[in-house]
Structures are given as C-alpha cells and as structure tokens.
Amino acid sequence: MQIIADVGGIPGKDCKGFCKYCYFRKVKEQDPLGCRYCTPGTVGCESCTTGVREVKNEFIHPFMVVGSVQNSLMMGDIKDKNLKVNISGGGDVSCYPHLMEVAGALNQFNLPMHLGYTSGKGIENSKMAEELISLGVDEVTFTVFSTDNKMRKEWVGDTTNGESLKALKLFCETTEVHAASVIVPGVNDGEKLYETCSTLEDWGAKAFILMRFANFRNQGLILGNEPILDGVTPHSLEEFETLVHEINNEFNFRVTGTPLCDPENDTPFAISKEKNSKYLDILTDVTSEATILTSSIAAPFIEKIIKRIGADDLVNVVAVDQDIGCLITQKDLEEVDLKDLKETVLIPGRALVHDKMAHDILSSDGIDRIVTRGPDKLSVDGEMSGTLSREDVLKTELIAFEDLLEAVNFFGVRKK
Ligand code: SF4
C-alpha cells in the first residue's frame, strides 16, 4: 500500500514549461462540463471546472505535505508490511522546491519512498538522485520520452544538459524504475523507441509504460485543446497494441500500454478473454433489461463479457465516440442514436456529464429513461496493471463487473 504525499503543482507552470505533447497544453476556458459532484440544479462545480483543468492546484507547503502523511499514518489502521510513501503531484515532483526537505522529513518515518511522477526537468544536478536514494527513495516513475538528450530538450523542454538522464540512470541502477513515454508517431517511435528501450534495459529499468499520444477530442482532449500537435495522426489502437506487443517481445522489462494493452495481465478487461471465462460463473445472474453506454474502447470488451454470461438478450452495449469512459461528456451523449437505448441506461461512474443533463439528453425522444451511473472503473489502466498480479487484476475486474450487473438488476426493467 502507498500513502500519497501530494505536493500539488500545476501542469506546465510547475514543471518548467509545457512538454510539447502535454495534454494540459492549450486548455481553454469553456462552459463547465458537469459531473456527478455538481448540485442537482447547477451544471458546473469545482471538480468539473478548475479541478479537471488542474489550474488551481498550487504547490503545497512542505509542512502540510508531511503533516498529511503523518495523519494518515496515525489515523489509519495500517498493518501493510509493504507500506510506502508516494510523493506525487499535479506537475512534476522534481520541480517541487521543497522536495529534499519533504523527503528528509518523511525519512524519519522509516518508510521507503516512491517518486510518483517526474519528468526529471527539475533535476539540475544528478547528485539530487543520490541524495533522494540515500533518504529512502526506492521506486521512481519517470517520464523519459526518449533517452536522447537532444530530443528531450526539444520535446520535454529539459534544460538540465543531461543531468536528468544521469539521474535516471542512477535511479535505474539502484531503485525500481517505471519509465514511461508518450509515443508521438514520427518523433520518438520506430528506431528512436528501440534506442530508448535498449538504453533503459542496459541501465536496469524495471518497467516501461508506453502511452499512446492523443491528439483529438474523441481520444480524450475534451478541454477545447485539440489538436495538441498540428498535423500529427496518433497511432490507431490496433497499431498501438501491436507496438506494445513488439516492445514486450524484444526487451527484458515489464511492458504495458495505455489506454490499452498489458501483454502479461491481459488488461483491459482480462475477464473478457476465453481463458478466463470460467471466472465469470461467479457473477450474478442478470434479471433486468438495460443499456450499458460506454467508451469506444471498452464497448467491445463489455459486449463480449455480456455474451459470455448469456445476458445479451437483456443487456445491450452502446459505444459513444470517445475512447475513455471517464472522459465522456454531454457532447458525446448528444450524438447517441436514442433508438439503440433501452429504458434504463447506465453511463460510466466518472463520466463528465451532469446527472440531469444526461437524463434529459437521453430522454429527448420522449421516452423518460432511467439514467444512472455504473462503477467508476471496470478494469485497470496500463500504469496500474503493471504493478498488479494477474490474480489481483482478475479480482478487481470481477468485483467491478459484479457491481455493474447488480446495478443493471436494480435499476433495469425486471424481466425474469
Ligand atoms: S511534465 Fe508532465 S505535466 Fe508537466 S508539462 Fe510535461 S507532460 Fe505536462
């Protein structure tokens, strides 16, 4: 278990300027998206305005950061032997001006530390890595983009003259490093990607997360900021999945992809795989009729599971033109063909739509539908999947799917 030591930070502002591929670049002020936290009569709250844009999450005073960890340790009945403190934030922890101070103070709890997210831009001297390791950092998540210093300078805005990469090498040699790269076609894929992977492998990185670059609204850029890079067409999901498998076959570290593909754990939706179908027997029988409205990536997997459990006569799955369920907005619902919907519709738990707006849009053909939310997540993403065992993944997915089916039975029109 990891206790989060949130240091705050605003993307772009608190990480020495925007990386060219950052999803928070070009974010515009817009009408509020709406979400489940909004009050019934108002579209828009802190969560779906400044929260989702991460524009107000300033760096937090070190005293508060350490205090919150201390509170979690004192209040929680924590018996986990693998307890760790995860120093993380909205920007980049290496740019947090009090990082050494916080790590020094946390060191007194005698717990190992994880640098939760860094691009290394704040590491002006690789000695910083040595000090952090000596204070107890034994795990680092490092967005490397490329191990070519020139490329990092141009794309990540790294002005450390190679110090950040020296630090990464040190971290790889001494700690558990999960390296990550947003893969921009024609920039850091192909030969460049192989060079990066082979360097990371030589240094001793434990894992590598490939993140598909997104450039369009239906790939998750819902904050008025598409395209991030003019003229760049991201990998298709099929191309990306092939790439993840290729890198996994070539290199000797744990490889995962996001938004999809963990070759080892079979996420997302490991339970949709034939070899895991026996586990579906433990799921509740479906007795009611409903529509599951979901993302374009999740829909085929969910449909497969529904068929496998023999519930496709009662439950249909409808995909909207949005890759990620948590990023479904009102606009996506407006494009749904209402003829495909049953009288009860379940949308993803974290969809960025106001409850009443979702109801009104999905009932605008005159059928007063029950529109409700399913579980927050039905599977685990690539970042998480790489840290979990196969059993944990199956357990997590089965629990979430059971919740979904119970919601179908509860809110749906009873047929059996
Ligand atoms: S370091 Fe991360 S949050 Fe900061 S600009 Fe780069 S991608 Fe965005």
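Quick notes on the rules
- Residues numbered from 1 in each chain as written.
- Predicted model: local features only at pLDDT ≥ 70, side-chain atom pairs only at ≥ 80, totals over all residues.
- Heavy atoms only, no water.
- Salt bridge = Lys/Arg side-chain N within 4 Å of Asp/Glu carboxyl O.
- Buried < 20%, exposed > 50% of the residue type's maximum accessible area, 1.4 Å probe, protein only.
- Helix = DSSP H or I, 4+ residues; strand = E, 2+ residues; numbered from the N terminus.
- 1 Å grid on protein atoms, 1.4 Å probe; cavity = no way out; pocket = protein on both sides within 12 Å on 5 of 7 lines; lining within 4 Å.
- Points joined across faces, edges and corners; volume = space filled by probe spheres on them.
- Nonpolar A, V, L, I, M, F, W, Y, C, P; charged D, E, K, R; others polar.
- Pairing = 2+ DSSP bridges.
- Right-handed = clockwise from strand over helix to strand, strands pointing away.
- Core = buried A, V, L, I, M, F, W, Y, C linked by side-chain atoms within 4.5 Å.
- Domains from an automatic or database assignment.
- Contact = heavy atoms within 4.5 Å.
- Near = heavy atom within 4 Å.
- Polar contact = N/O pair within 3.5 Å; in protein donor to acceptor, adjacent residues only side chain to side chain.
- Buried area = accessible area lost by both parts, 1.4 Å probe.
- Phe/Tyr/Trp six-rings, centres within 6.5 Å; stacked < 30°, edge-to-face > 60°.
- Lys NZ or Arg CZ within 6 Å of the ring centre and 35° of its normal.
- Expected span 1.5 Å × (residues − 1).
- Arc of directions from axis to C-beta.

## Brief notes about the pattern of salt bridges
Then comes step 1: Per the stated rule, a full pass over the model turns up 25 salt bridges.
Then comes step 2: Asp337 serves as the salt-bridge partner of Lys339, at 3.7 Å between the closest nitrogen and oxygen.
Then comes step 3: A relative accessible area of 73% places Lys339 in the exposed class.
Then comes step 4: Close ionic contact of Asp355 with Arg373 constitutes a salt bridge, the shortest N to O distance being 2.8 Å. With a gap of 18 residues between them, Asp355 in helix α11 (residues 355–362) and Arg373 in strand β11 (residues 370–373) connect regions that are remote in the sequence.
Then comes step 5: On the accessibility criterion, Arg373 (16% relative accessible area) is buried.
Then comes step 6: Members of the salt-bridge network, linked through shared partners, are Lys13, Asp14 and Glu58.

## Here we look at empty space enclosed by the protein
Which parts of space are left empty comes out when a probe the size of a water molecule is rolled across the atoms.
Then comes step 1: Tallied over the entire structure, the rule returns one cavity of 30 Å³ or more.
Then comes step 2: The volume enclosed by the largest cavity comes to roughly 30 Å³.
Then comes step 3: Taken together, Gly257, Pro259, Leu260, Cys261, Asp262, Thr267, Pro268, Val380, Asp381 and Gly382 form the lining of the largest cavity.
Then comes step 4: Class assignment of the residues belonging to the lining of the largest cavity gives a composition of five nonpolar, three polar and two charged.

## Topic: the pairing of strand β3 (residues 113–118)
Regular strands place side chains that alternate from one sheet face to the opposite one.
Then comes step 1: For β3, the buried fraction is high: five of the six residues fall into the buried class.
Then comes step 2: Two strands pair when backbone bridges link them, and strand β2 (residues 84–88) and β3 are joined in this way by three bridges, in the parallel orientation. Along β3, the bridge assignment pairs Val85 with Met113.
Then comes step 3: With helix α3 (residues 99–107) bridging β2 and its parallel neighbour β3, the resulting β-α-β unit is right-handed.
Then comes step 4: As a crossover connection, the stretch from β3 through helix α4 (residues 127–134) into strand β4 (residues 137–143) is right-handed.

## A look at the nonpolar core
Then comes step 1: By size, the foremost hydrophobic cluster in this structure holds 84 residues, and its most contacted members are Phe171, Phe208, Leu210 and Phe401.
Then comes step 2: When residues of this core are assigned to their parent elements, the largest contribution, nine residues, is made by helix α13 (residues 390–411).
Then comes step 3: A domain-level breakdown of this core finds at least three residues from each of domain 1 (2–258) and domain 2 (270–414).
Then comes step 4: Excluding residues within four positions of it along the chain, Leu210 makes contact with Ser181, Ile183, Leu193, Phe240, Leu243, Val244, Ile247, Val255, Thr256, Gly257 and Thr258.
Then comes step 5: Residues Trp155, Ala180, Phe213 and Val232 belong to the second largest nonpolar core, which totals 18 residues.

## So, the site of the ligand
Then comes step 1: Surrounding the ligand, one finds Pro11, Gly12, Cys15, Gly17, Phe18, Cys19, Cys22, Tyr117, Ser119 and Lys121.
Then comes step 2: Residue composition of the shell around the ligand, grouped by class: six nonpolar, three polar and one charged.

## Section: the side chain of Asn265
Then comes step 1: Summarising the element assignment, Asn265 is placed in the loop between β7 (254–258) and β8 (288–294).
Then comes step 2: One polar contact links the side chain of Asn265 to the main-chain amide nitrogen of Arg390, over a distance of 3.5 Å.
Then comes step 3: If we skip the residues at most four places from it in the chain, Asn265 touches Arg254, Ala270, Ser385, Leu388, Ser389, Arg390 and Val393.

## Overview of the domain arrangement of the protein
Then comes step 1: Looking at the protein, the domain boundaries give domain 1 (2–258) and domain 2 (270–414).
Then comes step 2: Of note, the centres of domain 1 and domain 2, computed from C-alpha atoms alone, are 29 Å apart.
Then comes step 3: Roughly 1900 Å² is buried in total at the junction of domain 1 and domain 2, and carbon and sulfur atoms are behind 54% of that figure.
Then comes step 4: Linking domain 1 with domain 2 are three salt bridges, by the criterion used here.

## Section: the packing of aromatic side chains
Then comes step 1: Evaluation of the coordinates by the stated rule reveals eight aromatic pairs.
Then comes step 2: Here Phe251 and Phe253 contribute two aromatic rings whose centre-to-centre distance is 5.9 Å and whose plane-to-plane angle is 15°, an arrangement assigned as stacked.
Then comes step 3: What makes Phe253 buried here is its relative accessible area of 7%.
Then comes step 4: Ring-pair connections join several aromatic residues into one group, and the members of that group are Tyr194, Phe208, Phe251 and Phe253.
Then comes step 5: Between the NZ or CZ atom of Lys20 and the centre of the ring of Trp155, over which it lies, the distance is 4.8 Å.

## Topic: the layout of surface pockets
Then comes step 1: Considered as a void within the structure, the second largest pocket measures approximately 190 Å³ in volume.
Then comes step 2: Of the residues in the lining of the second largest pocket, the class split is four nonpolar, four polar and four charged.
Then comes step 3: Composition of the lining of the second largest pocket by domain shows at least three residues from each of domain 1 (2–258) and domain 2 (270–414).

## What to know about helix α7 (residues 190–203)
Then comes step 1: The end-to-end C-alpha distance of α7, which contains 14 residues, comes to 20 Å, matching closely the 20 Å that a straight helix rising 1.5 Å per residue would cover.
Then comes step 2: For α7, the full list of buried residues reads Leu193, Thr196, Cys197, Leu200 and Trp203. For α7, the buried positions fall inside an angular range of 125° around the axis, keeping them on one side. Away from its buried face, by an angle of more than 90 degrees, α7 presents the exposed residues Glu191 and Asp202.
Then comes step 3: Buried-residue contacts for α7 involve α6 (163–174), β5 (176–183), β6 (207–212) and α8 (237–250).
Then comes step 4: Immediately beyond the C-terminal end of α7, within one or two residues, lies Gly204, with a positive phi of roughly 105°.

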